[in-house]
Protein chains: 4
Amino acid sequence: MTAGIIGATGYAGAELARILWAHPEIHSLVLASVSHRGEAITGIYPNFWEAAKTGSDKFGSGILETPESLIRRSDIVFGALPAGTGEAYAKASLDRGVSYIDLSADFRFDEDEAVYAAWYGKSWRYPELRRRSVYGLPELNRRRIRELAAAGPAVVGNPGCYPTAVSLACYPLLGGPLRKTPALAPGSVIIADAVSGVTGAGRELGRPYHFPECSGSVSAYKVGTHRHTPEISRTLMKMSGAPVPLVFTPHLGPFNRGILATVYLPLAGTGTAEASALPPGGPGKITEKLALIREVYAAFYKDEPFVRVLPEGISAATGRVRRSNFCDISVHLDGTGSVLIVESAIDNMVKGAAGQAVQNMNLVCGFAETAGLEALPSLF
Amino acid sequence: MTAGIIGATGYAGAELARILWAHPEIHSLVLASVSHRGEAITGIYPNFWEAAKTGSDKFGSGILETPESLIRRSDIVFGALPAGTGEAYAKASLDRGVSYIDLSADFRFDEDEAVYAAWYGKSWRYPELRRRSVYGLPELNRRRIRELAAAGPAVVGNPGCYPTAVSLACYPLLGGPLRKTPALAPGSVIIADAVSGVTGAGRELGRPYHFPECSGSVSAYKVGTHRHTPEISRTLMKMSGAPVPLVFTPHLGPFNRGILATVYLPLAGTGTAEASALPPGGPGKITEKLALIREVYAAFYKDEPFVRVLPEGISAATGRVRRSNFCDISVHLDGTGSVLIVESAIDNMVKGAAGQAVQNMNLVCGFAETAGLEALPSLF
Amino acid sequence: MTAGIIGATGYAGAELARILWAHPEIHSLVLASVSHRGEAITGIYPNFWEAAKTGSDKFGSGILETPESLIRRSDIVFGALPAGTGEAYAKASLDRGVSYIDLSADFRFDEDEAVYAAWYGKSWRYPELRRRSVYGLPELNRRRIRELAAAGPAVVGNPGCYPTAVSLACYPLLGGPLRKTPALAPGSVIIADAVSGVTGAGRELGRPYHFPECSGSVSAYKVGTHRHTPEISRTLMKMSGAPVPLVFTPHLGPFNRGILATVYLPLAGTGTAEASALPPGGPGKITEKLALIREVYAAFYKDEPFVRVLPEGISAATGRVRRSNFCDISVHLDGTGSVLIVESAIDNMVKGAAGQAVQNMNLVCGFAETAGLEALPSLF
Amino acid sequence: MTAGIIGATGYAGAELARILWAHPEIHSLVLASVSHRGEAITGIYPNFWEAAKTGSDKFGSGILETPESLIRRSDIVFGALPAGTGEAYAKASLDRGVSYIDLSADFRFDEDEAVYAAWYGKSWRYPELRRRSVYGLPELNRRRIRELAAAGPAVVGNPGCYPTAVSLACYPLLGGPLRKTPALAPGSVIIADAVSGVTGAGRELGRPYHFPECSGSVSAYKVGTHRHTPEISRTLMKMSGAPVPLVFTPHLGPFNRGILATVYLPLAGTGTAEASALPPGGPGKITEKLALIREVYAAFYKDEPFVRVLPEGISAATGRVRRSNFCDISVHLDGTGSVLIVESAIDNMVKGAAGQAVQNMNLVCGFAETAGLEALPSLF
């Protein structure tokens, strides 16, 4: 099979190339770029220079094509483009009978154009494409992705990086057996606080990413206004069956890969007034309660190939999912046992972008879901 | 004046040395170490080698003395020691008529030994010392620190790093003119989510601080059980006059200096149900509400020499308070205007430890409060 | 095939596990540890937790075995152990008819025990093993490695990280067509100046690797006394056919992966007296001379799968070989054209250790030389 | 006194502001910028926001003025501008009777316009200014700087960062008592290999300084063509009294502050042929020789306030001079005792730029040479 990547010069596109280069079902890669067409990919990424020496020559000429020419040659197309610029390529792919995996926000809102328009300031050119599209969080929509693709060429809206980490942290509580007890306290707000590595900001130069000013500093950005907020809200609502108030705060940290999300979920049936005055460990009941929740989380994700619920004593860390498609989850309780605290770690470039897109391709194409994604995460 | 530092080989002790070296009122420094006595400080910190070349020779021989000998020679004593090990030195200092600034947790709980014992697993050897001690958060207790010191030699319990960042983020809302409107929603829990640089873990080697495994990774630790929790709770209660439920989660990030705390404060009189579905910017009322809150915060801290309330459009970042005693605060609202989000940044080694200790010394000794702490923060 | 890794808990062992996990010819991995036997590998490396979820379960139980039990079960054995501790395992492997790839210095000196003893302070227990051993720098010894392995089970002494980077930088000049003109100036000393990332120091904790003191600092170590010096000298002598005086200085830099070696090679037939007074670019002859040298380097390494001679305008950088088995080489001249300056970059954990060991296994076992090593290097 | 900084928005300018802010003789600072005039400095550097809260208000309005207006108000003027842009300001300052400290290359070549023009591609507008200028390496030219300034307003050409580190490494051998024995081997080339932190590249955005691509990578740049080469050559010639062939290779490393230079100096009267085959430690004669050289270095720099010759067993590291004006030097020999290897570490922003400029101001103005530069270097 031939895979095409439109937007191959951005970081997500380059990460797609890295993963697909080692994918057993992909025998050649076609790369396209709107702004760099005609150039060699090795001019943009000298790390790819003479990579074919190792024998895995999937790039061929390595010259960046136009999207149109790419679509003609590909059996599956990935769009790694800014929001609002890829719809025509999705349409062209479908018209040619080829599925399209979109890494922008364009296909993350099903048919709800109003929310998209409100947050992204754009309208859709081909709204009808959404009838052939699905939100590509496999843990939530695996069956729908497969069914849609079985019915013909499909568009998959690959989730955002933060929504992936935050949603997977909440799913067992909101949509699984914990829905009833211990459930989310009625009327409560979910707080999602997350920190991302700098690759999340992409390849474009910017003052906050200038090494001397970025190195060694951590800061929040777009507090209360980040565009991933409505995407997370939608996903939590689908999981729980009802609207869930959400506050989401993203941060930028001085590292390259990874997102760590800390999600605060108030539990029903608990009082909090005296909370923090208690010493740690507290009554045995809290320890038992936490063990129970951990068991339920582990059981919920037992068959998920890429979600790992960590055992007691280990907290999720971005350094332990590096370059893998894993989402690591650890569960914790505050001192009174009234707030569930879930730590969720992904590699923002893999499970948060290119890896999840390949997982979606695997589902769409009927490959093993883990094909090309078996890499062991490395500590450094 | 001669200042003595017991525990000079730890990171807080070395940072105290660095600041006091440039302090206009301190003419000599005596250093002590229990485990390294008799050694030269330059053996532990080769960066101090021949520092006297510049003319500022405050170390003298630079040989680490015993605490007992140090106390005999000092006009003010700093204890930068593990919890539970410095009481005798505090007592000896007071007996000699010299004030003692303690950087451990031993004097952060006033006379409430029960809470200390529950969280630190130790009891007090000289509980009566607390009658001469004060919690050294100058923004809260400036007057008491001065009054106590005026009455005789005193002990100052220098606050923990996280409590400093979190408490200053909450004070204008809990204890200032915002107490009434917009006030904290009744019954609500304050969530404090913070990330610290690695110097916070100190000089002792440990796997999480081994460069290859620490670099590039962020993780939570001691979730729901960190010892700074009761200290923050106490301080918030003092500020608000009533108990405030608190959930506190510390994280470790791959950088050296700084703490960024993100504090979530639910506001009274607001509903949150429809919250996150709204686009950013929202109705003008939210913008107005935030501007009002920012004004109140700025007015509240107007005369504080080390608290800066940032203008609109700038979010607090650890990189902008580096090596200064500043606490930078930025205020934000979620999309519905129902949760106040405060970002608070300090240098954990300065305002979070040694700098605040020097600020306390200045208050105790009647120096200008900012003496030795005027350094301009640097971006890198 | 089953591969066994003795010393699986060290960084080189863990990197071997990461690479072999994705190797198409290796179907199971047996791990052994002298100090951690009986423990689970996931206790040491939590990043390996539930890695079998992706379907690539090569670890089996993941319990660390004894070396003896490992040797009984393996078709190829890797020793990732300190110098002087693995000979008995090499012997046991050979006795069982299984080849042994050694990542220590024990088999890097052919039969020259005197040099080994002088630098490592140890003698050999089984000197006769050297008759079945070969120095595993494939670019130099590919044929011998294959021949030896064809004749029976063999021991491969995997090169050190610095020697790999430095030797490959010199080979075309010392041993290739440049040997005659422009040749190394007679009597001249080769200066090799290199900087390594911190993973090169291994998993053991140490003050120079404590994040707060390591981060942001670069320093030299073991100047004039590093044990890789005689290994480099031997290899350069093999390449050139005559002794080559060498000065080697290693440095430690604040990054995880990579070695950048800068090698200074004085050229014959050039005067240097007026050298540095000339402006850059200089006479066209220097540019021509450099282009010629670059062509010769490129031709020399044309068929080497893992050596890339970079085109004009790009200087070798560790960030562009990250996680790949590539050695990137760029050639430069000083302003007078009298000193050839070669920059050579490898990932110290891959081409400098585990990757090269797998390359050697591929040669020994008759696999494609690049099997398991085709990964595209990534920029971050 | 009032100090003026033209080019206050660049990193060198901002570092000057940071140091002068704490300088006891400077009571106000005037800032100018050609491209940002009329803006507030806090818009460019939000870390300076409300810095006057600490009582050290030297910025006044903090509005960036024009250079002309600045010169009218200043008692000493610093130019932190690109090469070829500051001559007119130097002239205007002198015309007003005020000395000018230039941080560009414009005044580093005495009256040798040809070399400047060849390397910088520009000619001088006011060549006659060189008659009132001096190269500002205090260790070499302290007397001349003082004498020139005593005779009237002067221009000081502040040295480049690399030249400072490299020249100070060589001075005792080339110009001191070691000149005779052990002297530099006749006809030999000095190799200077250096790595700089990223602040050396300044505030302007650039791909090599984009965090994701800069972080974790080290590379060489401008090999054989860096403009600091002729400056180093000139200085070494002044030190030794004769031309000294030099090869200089700069590298970029993933850290913010610091330069580590490794300088290789072949010694006279030694053969090198058998060099690297010898084990470390070698004959006692080498140890003795090194001890002698270290003593001579230490004696040579004994009275220099900012040069520290490190004792045996400690190698110079950038992390130990951080934020100080120190240059740390450690001396080493290769295994045969024939090449002297000197490691030289400075903070590129301090001794390599702003700190040395302040040291020059102190000399020019007759202040204590160390005024404002006494800060203790810190480990992190």
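Residues numbered from 1 in each chain as written. Chains lettered and ligands numbered in written order. Predicted model: local features only at pLDDT ≥ 70, side-chain atom pairs only at ≥ 80, totals over all residues. Heavy atoms only, no water.

(A) A look at the relation of the copies chain B and chain C. Screw-axis analysis of chain B against chain C gives a translation of 0.0 Å along the axis, an RMSD of 0.0 Å, and a rotation angle of 180 degrees. Such a combination of turn and shift is consistent with a two-fold rotation axis. The residues that chain B uses at the interface reappear at the interface of chain C in 100% of cases, marking a shared surface. (Least-squares fit on C-alpha atoms with pLDDT ≥ 70 in both. Contact = heavy atoms within 4.5 Å.)

(B) Geometry of the interface of chain B and chain C. With 19 residues of chain B at the contact, the number on the chain C side is 19 residues. Its largest share of buried area at the contact with chain C, chain B owes to L205(B), H210(B) and F211(B), together 40% of the area lost on that side. At four residues, helix α8 (residues 211–214) of chain B tops the list of elements feeding residues into the side of chain B that touches chain C. A class-by-class count of the residues in the side of chain B that touches chain C yields nine nonpolar, six polar and four charged. (Buried area = accessible area lost by both parts, 1.4 Å probe. Helix = DSSP H or I, 4+ residues; strand = E, 2+ residues; numbered from the N terminus. Nonpolar A, V, L, I, M, F, W, Y, C, P; charged D, E, K, R; others polar.)

(C) The side chain of S215(A), seen in detail. Tracing the chain through its elements places S215(A) in the loop between α8 (211–214) and β8 (219–220). Apart from the residues lying within four places of it in its own chain, the contact partners of S215(A) are P254(A), R322(B), F211(D) and N256(D).

(D) Region of interest: the sheet that holds strand β5 (residues 133–135) of chain D. All names here are of chain D. Across the sheet, six strands lie side by side as β2-β1-β3-β4-β6-β5; this open sheet has parallel pairing. Each edge of the open sheet is held by one strand with a lone partner, namely β2 (28–32) and β5. In this sheet, adjacent strand axes meet at a mean angle of 20 degrees when their direction is disregarded. With four bridges joining them, strand β1 (residues 2–6) and strand β3 (residues 76–79) adopt parallel strand pairing. In the strand pairing of β3, A3 is matched with I76. Along the sheet face, helix α1 (residues 11–21) touches β1, β2 and β3 and points at about 165 degrees away from the line of β1. (Pairing = 2+ DSSP bridges. Axes fitted to C-alpha atoms, helices over the stretch in contact; angles between N-to-C directions.)

(E) Looking closely at the side chain of E213(A). Mapped onto the fold, E213(A) is located in helix α8. In this structure E213(A) comes out as buried when scored by relative accessible area, which is 15%. Filtering out sequence-adjacent residues up to four positions away, E213(A) remains in contact with R207(A), L379(B), Y11(D) and R203(D). (Buried < 20%, exposed > 50% of the residue type's maximum accessible area, 1.4 Å probe, protein only.)

(F) Spatial organisation of the pairing of strand β12 (residues 327–333) of chain D. Residues and elements named next belong to chain D. For β12, the tally of buried residues reaches seven of seven residues, placing the bulk of the element in the interior. Covered by surrounding structure in β12 are C327, I329, V331 and L333 together with D328, S330 and H332, the residues of both alternating faces. The sheet contact formed by strand β11 (residues 307–309) and β12 spans three bridges and is parallel. Residue pairing across strands places V309 opposite I329, the latter belonging to β12. The hairpin turn running from β12 into strand β13 (residues 339–346), its antiparallel successor, is five residues long, and G337 in that turn takes a positive phi close to 75 degrees.

(G) Quick peek at the relation of the copies chain A and chain B. Mapping chain A onto chain B calls for a screw motion: a turn of 180 degrees about the axis and a shift of 0.0 Å along it, with 0.0 Å RMSD after fitting. Comparing interface residues between copies, 100% of those in chain A also lie at the interface in chain B; the contact surface is shared.

(H) Highlighting the packing of helix α6 (residues 138–150) of chain D against helix α11 (residues 350–365) of chain D. All names here are of chain D. Close contact between α6 and α11 brings their axes to 9 Å; oriented N to C, the two are set at 40 degrees. Considered as vectors, α6 and α11 are oriented oblique to each other. Pair α6 / α11 crosses with right-handed handedness. Taking contact as the criterion, the partners of P138, E139, R142, I145, R146 and A149 in α6 are, on α11, K351, Q356, Q359, N360, L363 and V364. Each residue belonging to the contact of α6 with α11 can be placed in one class, and the counts come to five nonpolar, three polar and four charged. (Parallel < 35°, antiparallel > 145°, perpendicular 65-115°, else oblique. Left-handed = near helix turned anticlockwise from the far one by under 90°.)

(I) Region of the structure containing the confidence of the model for chain A. Residue and element names in this part refer to chain A. Summarising the model, chain A shows a mean pLDDT of 94, and 95% of its residues fall at 70 or more. Scored below 50 in pLDDT, residues 271–278 shows 20 contacts in the model against residues more than four places distant or in partner chains. For this predicted complex, the interface confidence score (ipTM) comes to 0.95, while the overall pTM stands at 0.96. (pLDDT = per-residue confidence, 0-100.)

(J) Broad picture of the pattern of salt bridges. All names here are of chain A. For the coordinates displayed, the defined rule picks out 66 salt bridges over all chains. Among the ionic pairs, R130 bridges to E87, the shortest N-O distance being 2.6 Å. Taken together, the positions of R130 in the loop between α5 (113–120) and β5 (133–135) and E87 in helix α4 (residues 87–95) put the pair 43 residues apart, joining distant regions of the chain. Judged by its relative accessible area of 7%, E87 is buried. Linked through salt bridges whose partners overlap, the residues forming this network are E15, R18, R257 and D347. (Salt bridge = Lys/Arg side-chain N within 4 Å of Asp/Glu carboxyl O.)

(K) Looking closely at the pairing of strand β2 (residues 28–32) of chain A. Residue and element names in this part refer to chain A. When you tally the buried positions in β2, you get four out of five residues, the bulk of the element. The pairing of strand β1 (residues 2–6) with β2 spans five bridges and is parallel. Each residue of the ladder has a partner; that of T2, found in β2, is S28. Viewed along the sheet, the connection from β1 through helix α1 (residues 11–21) into β2 turns out right-handed. (Right-handed = clockwise from strand over helix to strand, strands pointing away.)

(L) How the structure looks around the interface of chain A and chain B. Listed per partner, the contact involves 56 residues of chain A and 57 residues of chain B. For the pair chain A and chain B, the number of links is zero salt bridges. Viewed at the interface, chain B and chain A are joined by 18 residue pairs in polar contact (both at pLDDT 80 or more). (Polar contact = N/O pair within 3.5 Å; in protein donor to acceptor, adjacent residues only side chain to side chain.)

(M) Highlighting the packing of aromatic side chains. Across all of its chains, the model carries 50 aromatic pairs over all chains by this definition. Relative to F300(C), the ring of Y171(C) has its centre 4.9 Å away and its plane inclined at 80 degrees; by these criteria the two rings are edge-to-face. Linking Y171(C) in helix α7 (residues 161–175) with F300(C) in helix α10 (residues 284–300), this pair joins segments that are 129 residues apart in sequence. Look at F300(C) and you get partly exposed, because its relative accessible area is 25%. Aromatic side chains F306(D) and F326(D) sit 6.3 Å apart centroid to centroid with 65 degrees between the ring planes, which places their arrangement in the edge-to-face category. One end of the pair, F306(D), is in the loop between α10 (284–300) and β11; the other, F326(D), is in the loop between β11 and β12, and 20 residues separate them in sequence. Assigned by exposure class, F306(D) and F326(D) land together as buried. Just above the ring of F326(B) sits the side chain of R308(B); from NZ or CZ to the centre is 4.0 Å. Above the ring of Y126(D), the side-chain terminus of K91(D) is found at 5.6 Å from the ring centroid. (Phe/Tyr/Trp six-rings, centres within 6.5 Å; stacked < 30°, edge-to-face > 60°. Lys NZ or Arg CZ within 6 Å of the ring centre and 35° of its normal.)

(N) A look at the sheet that holds β13(D). Residue and element names in this part refer to chain D. Spatially, seven strands are ordered β8-β9-β7-β10-β13-β12-β11 in an open sheet, and the strand pairing comes out mixed. Two strands in the sheet have a free side with no partner beyond their single neighbour: β8 (219–220) and β11. Relative to strand β10 (residues 259–266), strand β7 (residues 190–196) runs antiparallel, the two being bridged by six bridges. Bridge pairing in β10 links V195 to L260. Along the sheet, helix α7 (residues 161–175) makes contact with β7, β9 (246–252), β10, β11, β12 and β13, crossing β10 at roughly 35 degrees. Packed on one face of the sheet, helix α9 (residues 228–240) meets β7 and β9 and runs near 135 degrees to β9.

(O) Region of interest: the environment of A14(B). Residue and element names in this part refer to chain B. In this fold, A14 is placed in helix α1 (residues 11–21). Spatially, the C-alpha atoms of A14 and F48 are 9.7 Å apart, while their sequence positions differ by 34 residues. Sequence-distant contacts of A14, defined by excluding residues within four places in its chain, comprise A8, Y45 and F48.

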